[in-house]
Amino acid sequence: MTPGQLLLFAVGGLANAAYLFIVAAGLSLVFGALRVINMAHGSLYMIAAFVTVVIANQIGAELGFWAGLLVAVAVTGAIGGIVEILVLRRVYGREHLVQLLGTYAVSLVIAGGVRIVFGANYRTVVSPIPGHIDVGGYSYASYSLFMIAAAILIAIGVWAMLYRTNLGRNIRAAVADPDLLNATGVDVTRLYTTVFVIGAGLAGLGGAIVAPSQAISSSIDTDVLVLAFAISVIGGLGSIVGSGIGALIVGMVISFGLVIPATNPYALAFVFIIMTAVLIVRPRGLFGRPES
Amino acid sequence: MTRLLPRSRGDRLRWGLVLVLFVFVAVIPPLAGLYENLNPDASARFQIFLGTSALVLALWAISYNLMLGYTGMVSFAHAAYYGVGAYTVALLFKRYNVPVIVGLAAAPFVAAVVGLITGLVAQRAVRLYFSLLTLAISQLLFSLVYQSYDITGGDNGASITLPDQLTDYTTLYYFTAVVVGVCLLLMFILVRSPLGAALLSIRENRQRASAIGINVKVYELAVYTIASVFAGVAGGLFIFYQQQAYPEMLYWTANAQPVVVSLMGGTNTFLGPAIGAFIYVVLENAISKHFPYQFDIILGAIVLGVVLAVPGGVSDLPTVFARLRERFHRAEEAEAPVESAGEAIRMFDVRKALASEAIQAEEVHSGKTLLSIEHLSKRFGGLRAVEDVSLEVKQGDRHAIIGPNGAGKSTLFNLLTGQLKPTSGKVIFDGRDITGKPPHVIARTGIGRAFQITTIFPKLTVRQNLQYAMLAHGGYTVRPFGFANRMFRAEAQELAEAVGLGAWADLPAGQLSHGDQRAIEIAISLALGSKLVLLDEPTAGMSSYETDKAMELVRRLATERHLTLLFCEHDMSVVFSTARTVTVMHQGRVLTAGTPEQIRHNPDVQKVYLGELEQEELGA
């Protein structure tokens, strides 16, 4: 592999890592604060992708994409709020199993709904940022570079939200000790709704951003969910830094795994081999903290 | 069907339901034939095909429920073993011309091997992380099958041809019914056995399960493997009526089917998932015929309804209805959470306790050291919770450990019973080095423990709490046959009566009042036939009357049954009335040790407690 090829695949890996990070960060944030694994996270991502594609194709690629992105994030955030209030509030503090099943049921409902509203066909939208950048004889899609930049911005945004705002301070306190936080007068119920809405919004943002780079179908919910799980587990559930590292690992493995002929068919299998290996060595992931 | 958890009413109804289900399964083909004769459009073949698929789904779901309902494990890899079973039949047939019947016989063994190996990996993590690890394993197996086109046929799947004897759909139906029936019988024997009791106790309370001597990880691996065996059979049967195996059978989302079916039928009954399977097949067929896309939504709504409103599934509907009716009639005798209201303590029966054979009664040689702790230390980062503690407990002694909050008493206990591993030092019990051994090993050497925070099996009855402790102590829980609830029944009843809980022996332990749950806690630690009983603040939260009664029982048992006691306690009257030896701990170290009289007059001890008093007054 020449240095040029290496760079090409590395950028491909970064672009994978970019959207996966956005999705996984939402999953991890929700788990960290609420201790709930959201099985419907991929479904929110799927809704956002469809909404973006439909609106962008209605209005026209460039303006339409940005409008679609905003609407998609708003829609998924709203659905997240409804799900939190109607379903999750009733399963906090119960076994993990009940929480898994509750959010799983939501994912079934959303999957069925998406198939009715958007149909079972593949959909695509042209890139809002067309063009290529040529470096060393290889050309890089401008949109991939945009995805990478967007992920970095979102990473900074999430960090700033967690460490520079009152909301973030409360979220971190909720991660550490929700009972104590409640005793200090913070409305934990509302905080949980807010966190879940933010998590759902991140899933939506991931889905909207990925739309121009992939064909969208009604099976992308489970595909992305299983990758987001892998990332969160590798990095450690509840850790945003872990999500970043995990997304980089998974993004690179998929990118390089697909182009190396010997590993091509098993690129995804490698992700799960790494996930298994990490959990065997560090049962709570690379950056995970033990449950109290 | 037997309930996991006993309930006084409805047992006859349940066995009636089993009979109805059995007859229903037997008459599906003739009914389908009749239906075809009446409706020219209907196809008996299709109805029987649906029946076959329901039977296979029932087997698959019940095997899943061995983990879900009986042990409390959520696996995302169970579908993979189902797929492995189907592919075993298909690939043996296609590549080696092995008859499919032989393939079906091989399927459980292949599934067992795959289940055991992957189970060993999944065992590295617990609870949620275990679930996520099974997800990775499932996807790994899926991509292997999906991508190995040359061997498995990739996404084309792999097909078989049935022998002539089985091509008739009615014959195939009855063949499937017999195989499923045999498997269900085997699983039924298993869940009622002492092994099943061990699984239930793990589901109820992992910490207590290991403290009565159950090796939680090994039992979890065992049930995981056993479940894969039956999933393998179900997968093998699947390919018999479908004649094709697909890679999607192994995909992690395929686990939704057995989970939903178990949930609909009820995870806390043995046959609940079977009823769920028939409902599922009928629903799926009826709904997807008219509304192909709506099935997911309806399924999701059902799961939501079950999770939020009827946690016990269809089998629990009678209870839900009964509760609704009670609410409607404003019945006075609604389910009382605290039925016993601390009565137990008043009814402690020392004579019965002394007669109980469950409690050890070996002759002891006073003066011999039973437990010796040598230079034991435990650090959490920079915090020295226990620092260089050495002490000896003589056989037959009643040894109290006292000290202000944060002195390291509970940490010391956790080091002794294996909940924590020491940083350095040694623990010798009865001549054996038990330093850093896991809790279940230490429990089996003869150390029983009552925890400071009540640690019992809340949904099991009081008697079962004691029975299972005795089963585990006797090493019976490895048995996959026999009827656990009939073993040690009399002994457990005797012990329950001794601690005053005889009248509530059939109630779920979690329904009793706090004081009575403490009594169960103490009784469990006695039921283990232990040479040494560790009591971590045995009377925490009890009234002074309850405390007196409880300690009287403990004292007399200790004296007359030659128990060795090691306990920590804040209530000084308890300490000085019960202990023969007192060790005082302060900031992780042993301050001093001696007789109660010596301790009472030791100025250092007074200073420690006085110091704490002053700090408290200062509000620190």
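Conventions used here
Residues numbered from 1 in each chain as written. Chains lettered and ligands numbered in written order. Predicted model: local features only at pLDDT ≥ 70, side-chain atom pairs only at ≥ 80, totals over all residues. Helix = DSSP H or I, 4+ residues; strand = E, 2+ residues; numbered from the N terminus. Buried ≥ 20, exposed ≤ 12 C-beta atoms within 10 Å, placed from the backbone. Contact = placed C-beta atoms within 7 Å. Axes fitted to C-alpha atoms, helices over the stretch in contact; angles between N-to-C directions. Parallel < 35°, antiparallel > 145°, perpendicular 65-115°, else oblique. Left-handed = near helix turned anticlockwise from the far one by under 90°. Nonpolar A, V, L, I, M, F, W, Y, C, P; charged D, E, K, R; others polar. Core = buried A, V, L, I, M, F, W, Y, C linked by C-beta atoms within 7 Å. Expected span 1.5 Å × (residues − 1). Pairing = 2+ DSSP bridges. Domains from an automatic or database assignment.

## With respect to the overall build of chain A
- Helix and strand counts for chain A stand at eleven helices and two strands.
- Taken along the three principal axes of its C-alpha coordinates, chain A extends 60 × 45 × 35 Å.
- When burial is assessed residue by residue, chain A has 52% of its 292 residues classed as buried.
- At a minimum sequence separation of 6, the contacts of chain A that also span at least 24 residues come to 75%.

## Brief notes about the overall build of chain B
- Each helix and strand in chain B was counted, giving 25 helices and twelve strands.
- Buried positions account for 53% of the 620 residues belonging to chain B.
- Taking the contacts inside chain B whose residues are at least 6 apart along the sequence as the reference set, 75% of them involve residues at least 24 apart.

## As for the packing of helix α8 (residues 194-204) of chain B against helix α10 (residues 216-242) of chain B
All names here are of chain B.
- Two numbers describe how α8 lies on α10: the axes approach to 10 Å, and their chain directions differ by 115°. Comparing the axis directions of α8 and α10 gives the class roughly perpendicular. The two elements α8 and α10 meet at a crossing, and its hand is left-handed. Across from A198, L199 and I202 in α8, the residues of α10 making contact are V216, Y219, E220 and V223.
- Class assignment for the residues of the contact of α8 with α10 results in six nonpolar, no polar and one charged.

## As for the interface of chain B and chain A
- Each partner contributes residues to the interface: chain B has 31 residues there, and chain A has 36 residues.
- Put simply, the parts of the chain that give the side of chain B that touches chain A at least two residues each are α5 (127-147) and α13 (295-308) of chain B.
- It is α5(B) that provides the largest number of residues to the side of chain B that touches chain A, a total of 13 residues.
- For the side of chain B that touches chain A, the class distribution of residues is 22 nonpolar, six polar and three charged.

## Description of the nonpolar core
- L20(A), V23(A), A49(A), A230(A), L59(B), V303(B) and A523(B) are the most contacted members of the largest nonpolar core, which totals 292 residues.
- For A230(A), the residues in contact, after removing those within four places along its chain, are V250(A), V271(A), F272(A), M275(A) and A136(B).
- In this structure, V25(B), I28(B), A32(B) and A44(B) belong to the second largest nonpolar core, which totals six residues.

## Details of helix α5 (residues 142-164) of chain A
- Here α5(A) contains 23 residues, and its C-alpha end-to-end distance of 32 Å stays within 8% of the 33 Å for a straight helix at 1.5 Å per residue.
- If you follow the buried residues of α5(A), they end up packed against α1 (3-34), β2 (138-141), α8 (188-210) and α10 (240-259) of chain A.

## What to know about the sheet that holds strand β7 (residues 432-433) of chain B
Residue and element names in this part refer to chain B.
- An order of β4-β3-β6-β7 is seen for the four strands of this open sheet, with the pairing classed as antiparallel. The outermost strands of the open sheet, each flanked by one partner alone, are β4 (383-394) and β7.
- Relative to β4, strand β3 (residues 369-380) is paired through eight bridges, and the arrangement is antiparallel. Within the sheet, the bridge partner assigned to S372 lies in β4 and is E392.
- On the sheet, helix α17 (residues 409-416) packs against β3, β4 and β6 (424-429) and is oriented at approximately 65° with respect to β4.

## Some words on the packing of α1(A) against helix α9 (residues 220-235) of chain A
Residue and element names in this part refer to chain A.
- Viewed as axis vectors pointing N to C, α1 and α9 meet at an angle of 65°, and their least axial separation amounts to 9 Å. Comparing their axes, α9 and α1 come out roughly perpendicular. Handedness of the α1/α9 crossing: right-handed. On α9, the residues touching L20, V23, A24, L27, S28 and F31 of α1 are V224, L227, A228, I231 and S232.

## A word on the environment of S577(B)
Residue and element names in this part refer to chain B.
- Relative to the assigned elements, S577 resides in helix α23 (residues 572-578).
- Look at S577 and you get partly exposed, because 14 C-beta atoms sit within 10 Å.
- Separated by 19 residues in the primary sequence, S577 and P596 have C-alpha atoms spaced 8.8 Å apart.

## Considerations on the domain arrangement of chain B
All names here are of chain B.
- For chain B, the domain assignment lists domain 1 (63-250), domain 2 (252-331) and domain 3 (344-613).
- For domain 1 versus domain 3, the distance between C-alpha centres works out to 42 Å.
- With 21 residues of domain 1 at the contact, the number on the domain 3 side is 29 residues.
- Where the side of domain 1 that touches domain 3 is concerned, the elements lending two or more residues are α7 (169-192), α8 and α9 (206-211).
- The biggest single contributor to the side of domain 1 that touches domain 3 is α8, with eight residues.
- Considered class by class, the residues forming the side of domain 1 that touches domain 3 number ten nonpolar, eight polar and three charged.

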